Amino acid sequence: MTTERRGGCACGKVRYSVSGDPSRVGLCHCTDCRRTSGSAFTFYGIWPLAAFTCEGQTSRYKDRSFCPTCGSQVFALNDTEAEIMAGTLDEAPSDLVPQYELWTPRREPWLHVLPGADQFQGNR
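This one's a predicted model, so the numbers in the text were calculated from it and none came from an experiment.

Engineer: Before we go on, may I ask you to explain the nonpolar core in this structure?
Structural biologist: Note on soluble globular proteins: their nonpolar side chains tend to be buried together. If you look at the biggest cluster of nonpolar residues, it comprises 15 residues, and the most contacted ones within it are Val14, Tyr16, Trp47, Phe52, Val74, Phe75 and Ile84. Those elements giving two or more residues to this core turn out to be β2 (15-19), β8 (73-77) and β9 (81-85). The contact partners of Phe52, leaving out residues within four places of it in the chain, are Tyr16, Ser17, Val18, Phe75, Leu77, Ala82 and Ile84. Listed in part, the eight residues of the second largest apolar core include Cys30, Cys33, Tyr44 and Leu102.

Engineer: Looking at this structure, I do not really get the sheet that holds β2. What am I missing?
Structural biologist: Remark on secondary structure: sheet strands pair via backbone hydrogen bonds, oriented parallel or antiparallel. Read across the sheet, three strands follow the order β1-β2-β5 without closing on themselves; strand pairing throughout is antiparallel. Because the sheet does not close on itself, it has two edges, and the strands there are β1 (4-8) and β5 (52-55). For this sheet the average axis-to-axis angle between neighbouring strands, irrespective of direction, equals 15°. Across four bridges, the pairing between β2 and β5 is antiparallel. The residue bridging Ser17 from the neighbouring strand is Thr53, located in β5.

Engineer: Looking at this structure, how should I read unusual backbone geometry?
Structural biologist: Residues apart from glycine generally show negative phi values, whereas peptide bonds are mostly found in trans. If you check the backbone angles, Lys62 has positive phi at about 55° while not being a glycine. Under the relative-accessibility criterion, Lys62 is labelled exposed at 55%. Positioned with a positive phi, Trp103 is a non-glycine residue whose angle comes to about 55°. Within the secondary structure, Trp103 sits in the loop between β10 (100-102) and β11 (118-119).

Rules behind the numbers
- Residues numbered from 1 in each chain as written.
- Predicted model: local features only at pLDDT ≥ 70, side-chain atom pairs only at ≥ 80, totals over all residues.
- Heavy atoms only, no water.
- Core = buried A, V, L, I, M, F, W, Y, C linked by side-chain atoms within 4.5 Å.
- Buried < 20%, exposed > 50% of the residue type's maximum accessible area, 1.4 Å probe, protein only.
- Helix = DSSP H or I, 4+ residues; strand = E, 2+ residues; numbered from the N terminus.
- Contact = heavy atoms within 4.5 Å.
- Pairing = 2+ DSSP bridges.
- Axes fitted to C-alpha atoms, helices over the stretch in contact; angles between N-to-C directions.

Geometric descriptors of this kind do not, in isolation, establish any biological role.
What follows is the structure, encoded as structure tokens:
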């Protein structure tokens, strides 16, 4: 049976779903991710674009899509993949364990290396 996950923005005007398992799951500590998430890092899953559907209007900045009403960043799309911000999933993504970390030189010193995750100085 194929898993389907649903999520959306804070106000509910943007809703999406992804089916199947993600291709990969990661954390990013880069400056752009810090600024767009408002946190020390971004936690996300990558699905094939064909596994992604969306309802509602979004706006874009660079490759990041967000709700124009509430401002929630919900996903980033490219020609082949959908990067889903894990915090926008309806159910806690407890089973999505990051397999890698990006931009580790920018990781806050009070955050520890994620055990078992590949470490990258920049992008993969």
